[in-house]
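Take a look at the letters that make up each chain.
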Amino acid sequence: MDERAKENETMNETTSSVYEPHEWKHGTVVAGIPWRNPVGTASGTFQVDACGQFYDVSQLGAVTTKGVSPVPWLGNPGVRTAECPAGTVNAVGLQNPGVDHYLEYDLPKLKNMGATVVSNVAGHCDDDYAQVVAKLADSDADMLEINVSCPNVTHGGMSVGTDPMALSRLMERLRPMTDKPMIVKLTPNVTDITAIAKAAVESGADALSMINTLVGMRINIKTGEPIIANRTGGVSGPAVFPVGLACVWRVRTALPDVPIIGIGGIDSGEKALEYLYAGANAVEVGGAALYDPTAPIRVARELDDLLDSRPQLAHKLVKGDTWR
Ligand SMILES: Cc1cc2nc3c(=O)[nH]c(=O)nc-3n(C[C@H](O)[C@H](O)[C@H](O)COP(=O)(O)O)c2cc1C
């Protein structure tokens, strides 16, 4: 066998597991919405045309799409990303083609594929969020995720998610606009995440997801200047795994009943399992999908097998309950 044929054979071997049909054994329920398994994609790290080439995206617990705004946003100028130990710093700045494009293209495509879809909502001000939610209110989206935690935009984003009063004001406006379950995505860039979590739930959030990225930066030592044009960005990847886990643990302890989606540094079934033991109902795989597009479905398969030997946890999840 020549070298190329050998390489092709190896590639087939390594990709076959995610193409093979899989009978999911362990599902979960998040705010009343059944997920076929507890693993979804995290917003901004999944694109249907790119990932759909590698695996059947409807097999994920849920697909959370990139944040959408009322009109197209160009995002921040380059350089937008820099590597750091065990992670990435990014300041994409919520570039997206706008909610009308999303409703015409991405959402129907995903729904036709049979995916459970969480639509992530972005805004620079309360009116922006309200305009997007109004358009998604009667759409085919299964759940909405309100992103009040992006560190890379100058208005809206994290400024809302670090202020309990601003968050309550926003949620009291958005909540009556739709019957769809509303998830509020929290930032770890606060002293006490439980205060923000309580404000979100008291003003109508049906579920919480955490964490978004941590503020960070890199400096080019040849120029003495920041590498990223925005100067600072958001850190994601394995480096933030223990931070996300502690946030889930603390919020679960403060709010025993709210559904929680754990995010941050997940790249294996074992790490997903740690989040479930910390009290999450489900998890999402983010940056791992940027270097391995199959990471979310691989993590889902690994977790499905790990749950075989943990029937108590599996039983709780399928009922919409959690380990603690
Ligand atoms: C390139 C990039 C773009 C992102 N875009 C969004 C976004 O549009 N909305 C959002 O709520 N989070 C966004 N995030 C945050 C991720 O969804 C996730 O919360 C974060 O990266 C932590 O998870 P991870 O360590 O698994 O990557 C983005 C992250 C990255 C790396």
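Residues numbered from 1 in each chain as written. Predicted model: local features only at pLDDT ≥ 70, side-chain atom pairs only at ≥ 80, totals over all residues.

## Overview of the overall build of the protein chain
For clarity, the threshold we go by: Numbered from the N terminus, helices here are DSSP runs of H or I no shorter than four residues, and strands are runs of E no shorter than two. Put simply, the radius of gyration uses C-alpha atoms, and a globule should come to 2.2 Å times the residue count raised to 0.38. Exposure is read from a count of other C-beta atoms within 10 Å of each residue's own; the residue is exposed at 12 or fewer, buried at 20 or more and partly exposed in between. C-beta atoms are placed from the backbone. Once C-beta atoms have been placed from the backbone, residue pairs whose C-beta atoms lie within 7 Å are recorded as contacts.
From N to C terminus, the protein chain includes 12 helices and 16 strands. For a compact globule of 324 residues, the expected C-alpha radius of gyration is about 20 Å, and the protein chain comes in at 19 Å, within 12% of that figure. Across its three principal axes, the protein chain shows a C-alpha extent of roughly 65 × 55 × 40 Å. For the protein chain, with 324 residues in total, the buried portion stands at 50%. Expressed as a percentage of contacts within the protein chain between residues at least 6 apart in sequence, the contacts between residues at least 24 apart total 71%.

## Regarding the UniProt feature "active site" (unreviewed entry) in the protein chain
Rules: UniProt positions are given in the numbering used here, feature names are shortened, and annotations may be inferred rather than shown by experiment.
Mapped onto this numbering, the UniProt entry annotates "active site" (unreviewed entry) at Cys-150. Relative to the helices and strands, Cys-150 is located in the loop between strand 8 (143–147) and helix 5 (158–161). Residue class for Cys-150 comes out buried when judged on the 27 C-beta atoms lying within 10 Å of it.

## What about the sheet that holds strand 11 (residues 214–216)?
Operational definition: For two strands to be treated as a pair, DSSP must find at least two bridges joining them. Only the stretch in contact is used when a helix axis is fitted, and all axes are lines through C-alpha atoms; the angle between N-to-C directions ranges over 0 to 180 degrees.
Taken in spatial order, the 4 strands make up an open sheet running 5-6-14-11, and their pairing is antiparallel. A strand with exactly one partner marks an edge of an open sheet, and here the two such strands are strand 5 (81–84) and strand 11. Across the sheet, the axes of successive neighbouring strands diverge by a mean angle of 35°, strand direction being ignored.

## Digging into unusual backbone geometry
Here Gly-78 and Val-79 are connected by a cis peptide whose omega angle stands at 0°. Among the structural elements, Val-79 can be located in the loop between strand 4 (62–64) and strand 5. The omega torsion across Met-210 and Ile-211 is 15°, close enough to zero to call that bond cis. Along the chain, the position of Ile-211 falls in the loop between strand 10 (207–210) and strand 11. Of note, Leu-94 is a non-glycine position whose phi angle comes to about 60°, a positive value. By secondary structure assignment, the location of Leu-94 is in the loop between strand 6 (87–90) and helix 3 (99–113). Leu-94 gets classed as buried once you count the C-beta atoms within 10 Å, which come to 25. Residue Arg-231 is not a glycine yet carries a positive backbone phi of 75°. Checked against the element boundaries, Arg-231 lands in the loop between strand 13 (225–226) and strand 14 (233–236).

## Structural notes on helix 4 (residues 126–136)
Given 3.6 residues to a turn, an α-helix orients residues that are three or four positions apart in the same direction. Where we set the bar: The arc in question is the one traced by the directions running from the helix axis out to the C-beta atoms.
Here helix 4 has its buried residues at Tyr-129, Val-132, Val-133 and Leu-136. An end-on view of helix 4 places all buried positions within 100° of arc, on one side of the element. Where helix 4 is buried, its residues touch helix 3, strand 7 (117–121), strand 8 and helix 6 (164–174).

## Some details on the sheet that holds strand 16 (residues 282–285)
With respect to topology, 8 strands assemble into a closed barrel ordered 3-4-7-8-9-10-15-16, the strand pairing being parallel. Neighbour-to-neighbour, the strand axes of this sheet turn through a mean angle of 25°, independent of strand direction. By the bridge criterion, 4 bridges tie strand 8 to strand 9 (residues 182–185) in an arrangement that is parallel. By the bridge assignment, Ile-146 is partnered in strand 9 with Val-184.

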